[in-house]
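Chain by chain, the residues:
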Amino acid sequence: MPLLKFQQMKAQQKKIKINTGVLQGETMSPTLFNIHINDFVHELEKQEWGGVTFPTRTIHSLLFADDLVLLAPNPINLQQKID
């Protein structure tokens, strides 16, 4: 069973078991990712957790291929987005 490892700042590394999902390289993987991530981004924009504000727009996240960067004005708002 695959494991996902992640570490927050200097905290102890955590492991999460991955029970379901689509294999990397699977033909449906990009489509399913795009469907899921679009809903996620729209939900972020509805929340009041903030982002990086420019004169005409607030940006909550940056996406490129399968990478995601969450933007927040402070660590507390960033943690709210992650949670």
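Residues numbered from 1 in each chain as written. Predicted model: local features only at pLDDT ≥ 70, side-chain atom pairs only at ≥ 80, totals over all residues. Heavy atoms only, no water.

Enquirer: Tell me about the side chain of K81, and name the residues and values.
Expert: Along the chain, K81 turns up in helix α2 (residues 75–82). Residue classification places K81 among the buried residues on the basis of a relative accessible area of 4%. For K81, the side chain forms a polar contact with the main-chain oxygen of L71, separated by 2.3 Å. Contacts of K81, omitting those with residues within four sequence positions, involve L44, W49, G50, G51, H60, L70, L71 and A72. (Helix = DSSP H or I, 4+ residues; strand = E, 2+ residues; numbered from the N terminus. Buried < 20%, exposed > 50% of the residue type's maximum accessible area, 1.4 Å probe, protein only. Polar contact = N/O pair within 3.5 Å; in protein donor to acceptor, adjacent residues only side chain to side chain. Contact = heavy atoms within 4.5 Å.)

Enquirer: Please give an account of the pairing of strand β6 (residues 67–70) that cites residues and values.
Expert: Pairing of strand β5 (residues 61–64) with β6, which is carried by 4 bridges, proceeds in the antiparallel orientation. Pairing of L62 across the sheet is with V69, part of β6. (Pairing = 2+ DSSP bridges.)

Enquirer: Tell me about the environment of E45, residues and numbers included.
Expert: Tracing the backbone through its elements, the reader meets E45 in helix α1 (residues 29–46). As a C-alpha pair, E45 and I59 span 14 residues in sequence and 8.3 Å in three-dimensional space. In contact with E45, not counting residues within four places along its chain, are R57 and H60.

Enquirer: Tell me about α1, and please be specific about residues and values.
Expert: Its 18 residues give α1 an end-to-end C-alpha distance of 26 Å, which sits within 8% of 26 Å, the value for a rise of 1.5 Å per residue. Within the span of α1, buried status applies to I37, V41 and L44. Taken end-on, α1 shows its buried residues confined to a sector of 55 degrees, consistent with a single buried face. Residues I35, H36, D39 and K46 are exposed on α1 and point more than 90 degrees away from its buried face. (Expected span 1.5 Å × (residues − 1). Arc of directions from axis to C-beta.)

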